[in-house]
Amino acid sequence: MEATTSAANQLQSVKKRRHTARTSVEALGDDVLCMIFVLLDLVHLIRCSAVCKSWSMVINKLKLLQLQYYKQQHVDSAGLSDASTYSERLLNQQLGQLAMDRHSWSLQEGPCDVFRWKGHLRGFNKCRMKMGLILTGVGDKVMRLWSAESGKGLDEYILPDKAPLIDFDFDEGKVVGLVGTRICIWRRVGSREIFSSREGLFARGLCMRYVDPQAVIGCEDGKVRVFDMYSRKISQIIKMDPGSVSSLCFTDEQMIISGSSLGSISISDLSSDQQVATLGTTGSAGIRTLCFNPSSYQLFAGSSAGYASCWDIRMLKKLWETRVSPNVLYSMHHLRNDKLTLVVGGIDGVLRIVDQDTGTVLSRWIMEENNIIDQSMGKNGVVERKKALKLSEDARIDLMPNRPPITCLAVGMQKVVTTHGDRFLRVWKFRGV
C-alpha cells in the first residue's frame with residue numbers, strides 16, 4: 001500500500017513539474033523567443049521548429065533556417081538581394097539531407113539508451129512504426145498503439161475471435177490485420193466496428209503488406225492474394241514462387257516483391273497480374289525479410305543463414321551480399337528517405353547498422369541487461385532506461401549472455417523499436433555525438 005501511494009505521489013509530482021514547465025514556456029513572448037532562437041545553430045533550430053506551431057512560426061518569420069544554412073555553407077547572404085530569393089524547395093532538400101546524415105551518424109556512433117516497458121500480458125513479436133506511432137502485437141489477443149516519443153499507450157484493438165493474429169499494418173484511419181484466414185479492419189476514429197472478409201479466403205497466410213486500398217497476403221502455396229478494402233473481396237491471385245511466400249514489400253509503382261522460403265525473390269505488377277522478373281537465390285537459405293528503398297530503388301533481403309543482400313530493381317542486378325550474422329535475420333528496416341544506413345536484427349539479439357551501398361557492418365549494439373540507469377512510473381507500469389553497449393569489432397558475441405532474439409524492428413528518426421518474443425517493448429534512442 002505504501003509503495004503504491006509513493007508511486008502515485010511521484011507521478012503527481014512529475015505531472016506538476018511538466019505543467020509548470022509548459023506554462024513557463026508558453027508565457028515567453030515572441031520577442032524573447034527571437035532572442036533565444038538567433039543564438040542557436042541549424043540542427044537545434046530544426047528541432048525547435050518541430051516543437052510546436054508557434055515556435056515554427058517565429059523561426060519561419062525570421063527566416064532563421066535560411067540564414068543558418070548560409071552560414072554553414074559559407075554563403076554570403078549579404079550579397080543576395082533577399083534571403084527569400086533562395087529556393088525554398090532546395091533548402092528543404094538540404095535540410096532533409098542534413099537530418100538523414102545526422103540520423104545515420106547517430107546510429108553508428110551513439111550514445112544510445114534503451115527504454116523498456118511491459119507492452120503486453122503475453123509475449124508478442126511484431127511491431128510497425130509510422131507518423132510517430134508504434135503498433136505492436138502477434139502473440140496475444142490484442143494490438144496496442146503507442147507514442148514513439150513518450151512511450152504512452154494510446155489505444156488498443158481486440159481480436160474478434162480465437163483465430164491467431166499473423167500480421168498487421170496501419171495508417172491514419174485504420175488498422176488492418178491478417179487474422180487466421182481472413183482480413184480484419186479496425187477503424188482508428190469514430191465507431192469501433194470491426195469489418196472482416198468472409199471466412200476461408202486464404203490458403204494459410206504467412207505475411208501481409210498494406211497500401212490503401214489493397215492488402216496483399218503472402219501464402220504457403222506460393223501465391224499472393226490481393227484483397228480490396230472497398231469490395232472486401234479478393235481481386236487478384238498471383239503465382240509468385242514455388243515455395244511459401246515468407247516476406248513481402250511494395251514499390252511506389254504498384255509492384256509487389258516477394259521472398260520465398262526456397263530463397264528466390266520475385267517481382268510482379270499488380271496492374272497486370274504478370275510476373276515481371278525473378279531474382280537469383282541466396283544459396284539454399286530462405287528469405288526471411290525484405291525491405292525496399294524508394295529513394296534509391298534498392299531492395300534489401302535477409303536470409304535464414306544470416307546473409308544480407310542488395311539488388312538494384314531497375315537493373316535487376318545484385319549489388320552486394322554479406323553475411324552480417326552467423327544466424328537467421330528476422331527483420332530489417334530504414335527510414336524512407338535514408339540512403340545511408342540499414343538496421344538489421346535477428347536471432348542473436350544484436351542490433352546491426354549496415355551501410356546500404358556496400359553491406360559493411362558499421363556498428364553493432366546490445367542492451368546491457370543489468371545496467372539500469374533509472375526507472376519511472378508510467379501509465380503502463382515501470383519504464384526502465386538502460387544503457388546500450390556498442391560492440392567492438394573483435395567482440396565475442398557468443399560469450400555475451402542475455403541477448404533475446406530480435407523478432408521484428410522498425411526505424412524512426414534517431415530511434416529503433418524492437419520486439420523480442422517476450423512481453424517487453426524496447427525503444428532504442430540514439431542521441432548522436
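The structure under discussion appears in the preceding block.
Quick look at the structure, then.

Rules used in this analysis
Residues numbered from 1 in each chain as written. Predicted model: local features only at pLDDT ≥ 70, side-chain atom pairs only at ≥ 80, totals over all residues. Heavy atoms only, no water. Helix = DSSP H or I, 4+ residues; strand = E, 2+ residues; numbered from the N terminus. Buried < 20%, exposed > 50% of the residue type's maximum accessible area, 1.4 Å probe, protein only. Contact = heavy atoms within 4.5 Å. Areas by Shrake-Rupley, 256 points an atom, 1.4 Å probe, with all protein chains shown as cover. Salt bridge = Lys/Arg side-chain N within 4 Å of Asp/Glu carboxyl O. 1 Å grid on protein atoms, 1.4 Å probe; cavity = no way out; pocket = protein on both sides within 12 Å on 5 of 7 lines; lining within 4 Å. Points joined across faces, edges and corners; volume = space filled by probe spheres on them. Nonpolar A, V, L, I, M, F, W, Y, C, P; charged D, E, K, R; others polar. Core = buried A, V, L, I, M, F, W, Y, C linked by side-chain atoms within 4.5 Å. Pairing = 2+ DSSP bridges. Disulfide = S-S within 2.5 Å. Phe/Tyr/Trp six-rings, centres within 6.5 Å; stacked < 30°, edge-to-face > 60°. Lys NZ or Arg CZ within 6 Å of the ring centre and 35° of its normal.

### Description of the overall build of the protein
Inference 1: A tally of regular secondary structure across the protein gives six helices and 29 strands.
Inference 2: Per-residue burial for the protein yields a buried fraction of 48% across its 433 residues.
Inference 3: Counting only contacts in the protein whose residues sit at least 6 apart along the sequence, the fraction spanning at least 24 positions is 46%.
Inference 4: For the protein, the exposed surface amounts to about 21000 Å²; the carbon and sulfur share of it is 53%.

### A few points about the pattern of salt bridges
Inference 1: Summed over the entire model, instances satisfying the criterion amount to 23 salt bridges.
Inference 2: Across the salt bridge formed by Asp167 and Lys126, the nearest N and O atoms sit 3.5 Å from each other. You can see Asp167 sitting in strand β6 (residues 165–170) and its partner Lys126 sitting in strand β2 (residues 126–130), a full 41 residues away along the chain.
Inference 3: With relative accessibility at 1%, the residue Asp167 sits in the buried group.
Inference 4: What emerges from the salt-bridge pattern is a single network uniting Asp113, Asp374, Arg385 and Arg431.

### Topic: empty space enclosed by the protein
Inference 1: Following the criterion strictly, the structure yields one cavity of 30 Å³ or more and no others.
Inference 2: When its volume is computed, the largest cavity comes out at roughly 80 Å³.
Inference 3: In terms of lining residues, the largest cavity is bounded by Gly349, Ile366, Met367, Glu369, Asn402, Arg403, Pro404, His420, Arg426 and Trp428.
Inference 4: Counting residues per element, the ones that place at least two in the lining of the largest cavity are β25 (361–378) and β29 (424–430).
Inference 5: At three residues, β25 tops the list of elements feeding residues into the lining of the largest cavity.
Inference 6: Broken down by class, the residue content of the lining of the largest cavity amounts to four nonpolar, three polar and three charged.

### What about the nonpolar core?
Inference 1: In this structure, Val343, Leu351, Trp365, Leu409, Val416, Trp428 and Phe430 are the most contacted members of the largest nonpolar core, which totals 17 residues.
Inference 2: Looking at this core, the elements with two or more residues in it are α6 (88–109), β1 (112–118), β24 (351–355), β25, β27 (408–412) and β29.
Inference 3: Residues in contact with Val343, not counting those within four places in the same chain, are Leu107, Ser331, Met332, His333, Leu351, Arg352, Ile353, Leu409, Val411 and Val416.
Inference 4: Residues Leu133, Met143, Tyr157 and Val179 belong to the second largest nonpolar core, which totals 15 residues.

### A word on the pairing of β27
Inference 1: Among the five residues that make up β27, five are buried, leaving the element largely enclosed by the rest of the structure.
Inference 2: Two strands pair when backbone bridges link them, and β27 and strand β28 (residues 415–419) are joined in this way by five bridges, in the antiparallel orientation. What sits directly across from Leu409, in β28, is Thr418.
Inference 3: Joining the antiparallel neighbours β27 and β28 is a turn of two residues, in which Gln414 adopts a positive phi near 60 degrees.

### Brief notes about the state of the cysteines
What is meant by a disulfide is a covalent connection between two cysteines, made through their sulfur atoms.
Inference 1: Tallying each qualifying case throughout the model produces zero disulfides.
Inference 2: Take Cys249: it sits in no disulfide, and the sulfur closest to it among the cysteines is that of Cys291, at 7.3 Å.
Inference 3: Classification of Cys249 as buried rests on a relative accessible area of 7%.
Inference 4: Left without a disulfide partner, Cys408 is nearest to the cysteine sulfur of Cys127, which lies 4.1 Å away.

### Describing the packing of aromatic side chains
Inference 1: This structure, assessed with the given rule, holds four aromatic pairs.
Inference 2: An angle of 80 degrees between the planes, with centres 6.1 Å apart, marks the rings of Phe292 and Tyr297 as edge-to-face.
Inference 3: The ring of Phe424 carries the charged tip of Arg116 above its face, separated from the ring centre by 4.1 Å.
Inference 4: It is Arg128 that lies over the ring of Phe168; its NZ or CZ is 5.7 Å from the centre.

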